[in-house]
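Descriptive analysis of the structure
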Amino acid sequence: MSIPFGADPENRTVRIQNRVYNLELSCFMCPEQWDVFSNFFDKVGYIRLRHGEFRVDYPDCGGKTLISENIGFYGDGAFINEEIRNVYLLKAVKAIDEEFLDQNPSLWRKLKKKLTTFLRGSVTTTF
């Protein structure tokens, strides 16, 4: 899993095995908000920090809340630095990925089968 540090801090990519999630900053503070998109479907997550409350919803704001915790940072709604931001964004994407796989078990079985076949060298790299 990784969150690359690119030239554009408002767009980040997280890879979990063969799944790719793109994070787009939709509001930079008060609250800081991120939308999460899958490489298979449209929007699959919503991340928000406001008044010290870190919240992750699937697949969008007002959907199933996967994480809701008070992380107690100062400020009204923005992470205090990049290191902390990346820790929480990765935590959020892990929770979204787990829910995504729970909601799409047949897709996961297909992807797992293709990945296993690929690792044995009998298919091309394009899925």
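This text gives an overview of the structure that appears in the document.

Analysis parameters
- Residues numbered from 1 in each chain as written.
- Predicted model: local features only at pLDDT ≥ 70, side-chain atom pairs only at ≥ 80, totals over all residues.
- Heavy atoms only, no water.
- Pairing = 2+ DSSP bridges.
- Helix = DSSP H or I, 4+ residues; strand = E, 2+ residues; numbered from the N terminus.
- Axes fitted to C-alpha atoms, helices over the stretch in contact; angles between N-to-C directions.
- Buried < 20%, exposed > 50% of the residue type's maximum accessible area, 1.4 Å probe, protein only.
- Contact = heavy atoms within 4.5 Å.

**Considering the sheet that holds strand β3 (residues 32-38)**
An order of β1-β2-β3-β4-β5-β6 is seen for the 6 strands of this open sheet, with the pairing classed as antiparallel. One side of each edge strand has no neighbouring strand; the edge strands of this open sheet are β1 (11-16) and β6 (64-70). For this sheet, the mean inter-axis angle between neighbouring strands, taken without regard to orientation, is 20 degrees.

**With respect to the environment of V44**
Mapped onto the elements of the fold, V44 is located in strand β4 (residues 43-50). Overall, the relative accessible area of 3% leaves V44 in the buried class. In this structure the C-alpha to C-alpha distance between V44 and D60, which are 16 residues apart in sequence, comes to 6.5 Å. Residues in contact with V44, not counting those within four places in the same chain, are Y21, V36, F37, S38, D57, Y58, P59, I96 and F100.

**Let's talk about unusual backbone geometry**
Residue P31 follows C30 across a cis peptide bond; omega there is 5 degrees. When you line up the elements, P31 lands in the loop between β2 (19-28) and β3. The omega torsion across Y58 and P59 is -5 degrees, close enough to zero to call that bond cis. Tracing the chain through its elements places P59 in the loop between β5 (53-58) and β6. Phi is positive for Q17, close to 55 degrees, though the residue is something other than glycine.

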